[in-house]
Amino acid sequence: MSGLEVKNLTIAHGAITAVKDLSFTVRQGELAAIIGSNGAGKTTLLRALSGLLPVVSGSAQWNGSQLLGRKPENLVRSGIVHVSEGKSVIPELTVKENLALGGIWRSDKKDIALATSEVFELFPRLHERLNQSADTLSGGERQMLAIGRALISRPELLLLDEPVAGMSDDETERTAEVFLSLAG
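Each value, and the rule that gives it
- Residues numbered from 1 in each chain as written.
- Predicted model: local features only at pLDDT ≥ 70, side-chain atom pairs only at ≥ 80, totals over all residues.
- Heavy atoms only, no water.
- Helix = DSSP H or I, 4+ residues; strand = E, 2+ residues; numbered from the N terminus.
- Rg over C-alpha atoms; globule rule 2.2 N^0.38 Å.
- Salt bridge = Lys/Arg side-chain N within 4 Å of Asp/Glu carboxyl O.
- Buried < 20%, exposed > 50% of the residue type's maximum accessible area, 1.4 Å probe, protein only.
- Pairing = 2+ DSSP bridges.
- Contact = heavy atoms within 4.5 Å.
- Axes fitted to C-alpha atoms, helices over the stretch in contact; angles between N-to-C directions.
- Parallel < 35°, antiparallel > 145°, perpendicular 65-115°, else oblique.
- Left-handed = near helix turned anticlockwise from the far one by under 90°.
- Core = buried A, V, L, I, M, F, W, Y, C linked by side-chain atoms within 4.5 Å.
- Expected span 1.5 Å × (residues − 1).
- Phe/Tyr/Trp six-rings, centres within 6.5 Å; stacked < 30°, edge-to-face > 60°.
- Lys NZ or Arg CZ within 6 Å of the ring centre and 35° of its normal.

Draft legend 1. Fine view of the overall build of the chain. Secondary structure summary: the chain contains seven helices and six strands in total. Moving toward the C terminus, one meets the helices and strands of the chain in the order β-β-α-β-β-α-β-α-α-α-α-β-α. Taken over C-alpha atoms, the radius of gyration comes to 17 Å for the chain, in line with the 16 Å a tight globule of 184 residues would show. In terms of overall dimensions, the chain has C-alpha extents of about 45 × 35 × 30 Å along its principal axes.

Draft legend 2. Highlighting the pattern of salt bridges. Going through the model one piece at a time under the given rule, you end up with 10 salt bridges. With a shortest N-O distance of 2.9 Å, Asp 111 and Arg 154 are connected by a salt bridge. Of this pair, Asp 111 sits in helix α4 (residues 109-122) while Arg 154 sits in the loop between α6 (139-152) and β6 (157-160), and the two are 43 residues apart along the sequence. A residue is classified by how much of its surface remains accessible, and Asp 111, at 17% relative accessible area, is buried. The class for Arg 154 is partly exposed, based on a relative accessible area of 33%.

Draft legend 3. Main features of the sheet that holds strand β4 (residues 65-66). Across the sheet, four strands lie side by side as β2-β1-β3-β4; this open sheet has antiparallel pairing. Each edge of the sheet is formed by a strand with only one pairing partner; in this case those strands are β2 (16-27) and β4. Here strand β3 (residues 57-62) runs beside β4; their pairing, made up of two bridges, is antiparallel. Considered in β4, the bridge of Gln 61 is made with Gln 66. Along the sheet, helix α1 (residues 42-49) makes contact with β1 (3-13), β2 and β3, crossing β1 at roughly 115°.

Draft legend 4. Geometry of the packing of α4 against α6. Between α4 and α6, the least distance of the axes is 9 Å, while the angle of their chain directions is 150°. If you check the angle between α4 and α6, you find them roughly antiparallel. Our pair here, α4 against α6, has a crossing hand that is right-handed. On α6, the residues that touch Ile 112, Ala 115, Thr 116, Val 119 and Leu 122 of α4 are Gly 148, Leu 151 and Ile 152.

Draft legend 5. Quick peek at the nonpolar core. Grouped together as the largest cluster of nonpolar side chains are 25 residues, with contacts concentrated most on Val 95, Leu 99, Val 119, Phe 123, Leu 126, Leu 145 and Ile 147. The set of elements that each furnish at least two residues to this core consists of β5 (80-83), α3 (95-100), α4, α6 and α7 (169-183). Considering each element in turn, this core owes the most residues, seven residues, to α6. For Val 119, the contacting residues outside a window of four places in its chain are Leu 99, Leu 126, Gly 148, Leu 151 and Ile 152.

Draft legend 6. Layout of α7. Relative to the 21 Å expected for 15 residues at 1.5 Å per residue, α7 spans 21 Å between its end C-alpha atoms, a close match to the ideal helical length. Tucked inside the fold, the buried residues of α7 contact α4, α5 (124-128), α6 and β6.

Draft legend 7. View of the packing of aromatic side chains. A full pass over the atoms with the stated rule returns zero aromatic pairs. The aromatic ring of Trp 105 is capped on one face by Arg 77, whose charged end is 3.6 Å from the ring centroid.

Structure below.
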């Protein structure tokens, strides 16, 4: 199968089991959402899939390649990008510098420039604030910046944790349109 396949995944925080025996499949090109109350394990799942947390048992594969046990930077190099809620930007860097990090592992400079232009079309506010430090942005603008940086990397698998947190209704609607267009 081509896509994300999670089988019997169990993740614990010490004595607390945060995710127990979870299995699901998302085919390549599909949009999927994990919905649950606070504390249900959504963030824990994404952090495990992106190499930030160890798992107790189970497996997770992307296009037949094992995700679990790999270093986060190796996952990013292979096209798997995680955007965490409100914590994905480097506040001391400018918008421009944060966006540049999206292309750090890529060698095609022309496509990095094209991807950056596409991000400015999707999120014009980022272009307006290009030389501002990220710590001066609103929560919604920071989230746009984190998503924009991820898109510049041209991810194959994009893991988003509360992607519209802090965004206004208009920003949320525009971001939803972005995700739908990415899914094709």
